[in-house]
Amino acid sequence: RIDADGQRSQPLSLPAIAPNGNRFNPQVASDGVNFLVVREKTSTLLANPVTYIEWALYGPDLTTPLNSGQAQIDPPRTWPQTTAGIGLDVAWIGSRYRVGWKFMRNSGTYPLVNFGDIDQNGVLVNPATSFQTVTALEADNDSDGTPALAYDPVGGRTLDLFKGHNGDTAYNLWPHTD
């Protein structure tokens, strides 16, 4: 936490939704009041480890999570449990948070960019279809292809940039996401 004069006043830590696991690549976005922190988590005690997107919503004082959750995205995990396996980003898109992610490994089964929404209360939107694939334009074994999200509050649009299958910059542009 940073105090009024710009000094770090206390560390921020996400709550442990499940006590065991390695966590990687925290990302943060704000709706102008609260902060949503998302990160990758891998289980460490299972015979077949899995990967999760884990999140916590913090209020303006950043002291106690208002809500938290996780969604399993990889059964079973084929990437080492001690190394980040996904690239991810999060942005506030006018009425909810959007999380974009992709695997950074060559699995042969996940050459996809994936997206899911978390509402302003920190609840996964439509859990039955959470973190769905929107496009399949890039290879999955390239850490340079991590999605980057931005929101246009004037036009209500959300832009996602990522490395395309030819090495160029590819994008998704969602109109009226607010």
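Across the chain, the average pLDDT comes to 78, with 69% of residues at or above 70. For the chain, strand S8 (residues 132-135) is the element with the lowest average pLDDT, namely 57, and strand S9 (residues 148-152) is the one with the highest, namely 91.

By the definition in use, this model includes two aromatic pairs. Measuring from centroid to centroid gives 4.8 Å for Trp-92 and Tyr-97, while their planes differ by 70 degrees, and the two rings are edge-to-face. Its relative accessible area of 0% is what places Tyr-97 among the buried residues. With a centroid separation of 4.8 Å and 80 degrees between ring planes, the pair formed by Phe-115 and Trp-174 is classed as edge-to-face.

Further remarks concern the sheet that holds strand S3 (residues 51-58). Judged by pairing direction, the sheet is antiparallel, and its four strands sit side by side in the order S1-S2-S3-S4 without closing on themselves. A strand with exactly one partner marks an edge of an open sheet, and here the two such strands are strand S1 (22-30) and strand S4 (65-74). In this sheet, adjacent strand axes meet at a mean angle of 20 degrees when their direction is disregarded. By the bridge criterion, eight bridges tie strand S2 (residues 35-42) to S3 in an arrangement that is antiparallel. Each bridged residue has a counterpart across the sheet, and for Val-38 the counterpart in S3 is Trp-55.

What counts as what
Residues numbered from 1 in each chain as written. Predicted model: local features only at pLDDT ≥ 70, side-chain atom pairs only at ≥ 80, totals over all residues. Heavy atoms only, no water. pLDDT = per-residue confidence, 0-100. Helix = DSSP H or I, 4+ residues; strand = E, 2+ residues; numbered from the N terminus. Phe/Tyr/Trp six-rings, centres within 6.5 Å; stacked < 30°, edge-to-face > 60°. Buried < 20%, exposed > 50% of the residue type's maximum accessible area, 1.4 Å probe, protein only. Pairing = 2+ DSSP bridges. Axes fitted to C-alpha atoms, helices over the stretch in contact; angles between N-to-C directions.

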